[in-house]
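Given next are the chains, with one letter for each unit.
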Amino acid sequence: MLQIGALKLKNRLIMAPMAGITNPPFRLIAKRLGAGLVVTEMVSAVGLSRGHEKTVRYLNGFPEEKPLSVQIFGADPQIMAMAAEIVVQKGADLVDINMGCPARKVVKNGSGGALLRNPTAVRDMVMAVRKACTVPLTVKIRAGWSPDDANFLEIAGIIEDCGADAVTIHPRFVKQGFSGQADWRIIREVKRNLSIPVIGNGDVFKPELALQMREETGCDGVMVGRGAMGNPWIFRQILDLEKGLEARPPDLSERKTVILEHFALLSRVIGENRASKMMRGLLLGYTKGLPHSSSFRGSFTGINDFNTMISALDNYFGTLSRDRGLRVDSERERPGVGEL
Ligand SMILES: Cc1cc2nc3c(=O)[nH]c(=O)nc-3n(C[C@H](O)[C@H](O)[C@H](O)COP(=O)(O)O)c2cc1C
């Protein structure tokens, strides 16, 4: 169990915020498969403060996802404070501040990872948001701007001093983007120096690595991002290992059911057309490593029609189950969205 401020999570596993990925359908699936906490994609504080409809829509979620953390990004402490108030009013159970995003359009405005270059700005922002925010507050950081400026201990200390309830550290530098390896020794350093919970993040691509990260760093929670893309079962698998059991991979039937659930939920939220386009990318992860998966994915090129995609999926899983002598339960093939 992990406690962040007054909030007790059911376990120590957190689904990382990922722009374009961790929308409500994906978060709901991760939650059902064991994540103790899910986080929205990063949401623009400026957009929220101006009431931009498209931005405000990022705050939507399914009741079953709760507790839900909403991640906000921005450069101005007062606008971030206003955004925090808005997201709490809209039902966020936690607020998370993004201080790690390396995307050029974010850092050029002094937001995301750019904040790490300016400890005073970090202090002003965390203080302002803390004052405005009535729910637990967390901050997600990287190791610093660049290896020459590895100021993670200073930044994490400021965040704790200003009253945040937990820190998440992804131990790469902003300038590194996603290259190289996450240096877990940095997580251990942060953990040793803080009293509030420290959540470790970076390169947990297999369930065993979550346990290894906790053992090597002493971190209180583990956040999984890319390792859950195409494999949301990773949360259940980590929980299995924590209980001393073998990690249960999904069988074909479960894999197909979850893909169809994901598709049905996406269609409900963004419409069949956009869901079909998005599913094409997601299927890459969901079918990775399965037999004939590249020719299956190739067969999707140019298909945007919901029913055609469902038939292609049916055919593919039908072939796989015949190949393996496994039955794919037709009762569970197409969950009605009403039951989701
Ligand atoms: C496609 C993508 C989008 C991301 N979007 C966000 C984001 O909105 N906010 C954030 O704090 N981190 C974001 N990240 C970073 C992840 O939250 C996480 O820190 C990073 O992927 C390292 O964890 P992993 O190795 O488990 O993936 C994103 C990463 C990816 C791959």
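Cut-offs applied
Position numbers for residues start from 1 in each chain and track the written sequence from start to end. Two thresholds apply to this predicted model, a pLDDT of at least 70 for residue-level local features and 80 or more for giving and counting side-chain atom pairs, whereas whole-chain, interface and lining totals are computed over all residues. Each side-chain value is worked out from all heavy atoms of the structure, with water and hydrogens disregarded. By convention here, the domain bounds are inherited from an automatic or database domain assignment. We call two residues contacting when some pair of their heavy atoms lies within 4.5 Å. Joining two parts hides part of their accessible area as seen by a 1.4 Å probe, and the buried area is that hidden amount summed over both. Definition used for salt bridges: Asp or Glu carboxyl oxygen within 4 Å of a side-chain nitrogen of Lys or Arg. Nitrogen and oxygen atoms within 3.5 Å of one another constitute a polar contact, given that in protein one can donate a hydrogen and the other can accept it, and given that sequence-neighbouring residues count only through two side-chain atoms. The secondary structure listing takes helices from DSSP runs of H or I that are at least 4 residues long and strands from runs of E that are at least 2 residues long, numbered from the N terminus. Each Phe, Tyr or Trp ring (for Trp, its six-membered ring) is paired with any other whose centre lies within 6.5 Å, and the angle between the two planes then decides the class: stacked below 30 degrees, edge-to-face above 60, tilted in between. Accessibility here uses a 1.4 Å probe with only protein chains present; expressed as a share of the type maximum, an area under 20% marks a residue as buried, one over 50% as exposed, and anything in between as partly exposed. Here, nonpolar core refers to any group of buried Ala, Val, Leu, Ile, Met, Phe, Trp, Tyr and Cys residues whose side-chain atoms link them within 4.5 Å.

(A) Broad picture of the domain arrangement of the protein. Here the domain parsing of the protein yields domain 1 (2-242) and domain 2 (252-339). One C-alpha centre belongs to domain 1, the other to domain 2, and the line joining them spans 30 Å. Counting from both sides, the interface comprises 13 residues of domain 1 and, opposite them, 12 residues of domain 2. Both sides of the domain 1 and domain 2 interface together cover about 1100 Å² of buried area, and 69% of this is carbon and sulfur. At the junction of domain 1 and domain 2, the tally comes to 2 salt bridges. Across the salt bridge formed by glutamate 261 and arginine 32, the nearest N and O atoms sit 3.7 Å from each other. In this assembly, domain 1 and domain 2 are joined by 2 residue pairs in polar contact (both at pLDDT 80 or more). By residue number, the principal contributor to the side of domain 1 that touches domain 2 is helix H1 (residues 24-32), which donates 5 residues.

(B) A look at the packing of aromatic side chains. Under the definition given, this model contains 3 aromatic pairs. Centre to centre, the rings of tryptophan 233 and tyrosine 286 are 6.1 Å apart; their planes meet at 75°, and the pair counts as edge-to-face. Here tyrosine 286 lies in helix H12 (residues 272-286) and tryptophan 233 lies in the loop between strand S11 (221-224) and helix H10 (234-242), a separation of 53 residues in the sequence. Grouping residues by exposure puts tryptophan 233 and tyrosine 286 together as buried. Ring plane angle 10° and centroid distance 4.1 Å describe the contact between phenylalanine 296 and tyrosine 316, whose orientation is recorded as stacked. In this pair, phenylalanine 296 is assigned in helix H13 (residues 293-298) and tyrosine 316 in helix H14 (residues 306-324), connecting sequence segments 20 residues apart.

(C) Quick look at the nonpolar core. Met99 and Ile141 are the most contacted members of the largest nonpolar core, which has 72 residues in total. Element by element, the count of residues in this core is highest for helix H4 (residues 77-89), at 6 residues. In terms of nonpolar packing, the next biggest core, distinct from the first, is built from 29 residues, Ile259, Phe263, Met279 and Phe300 among them.

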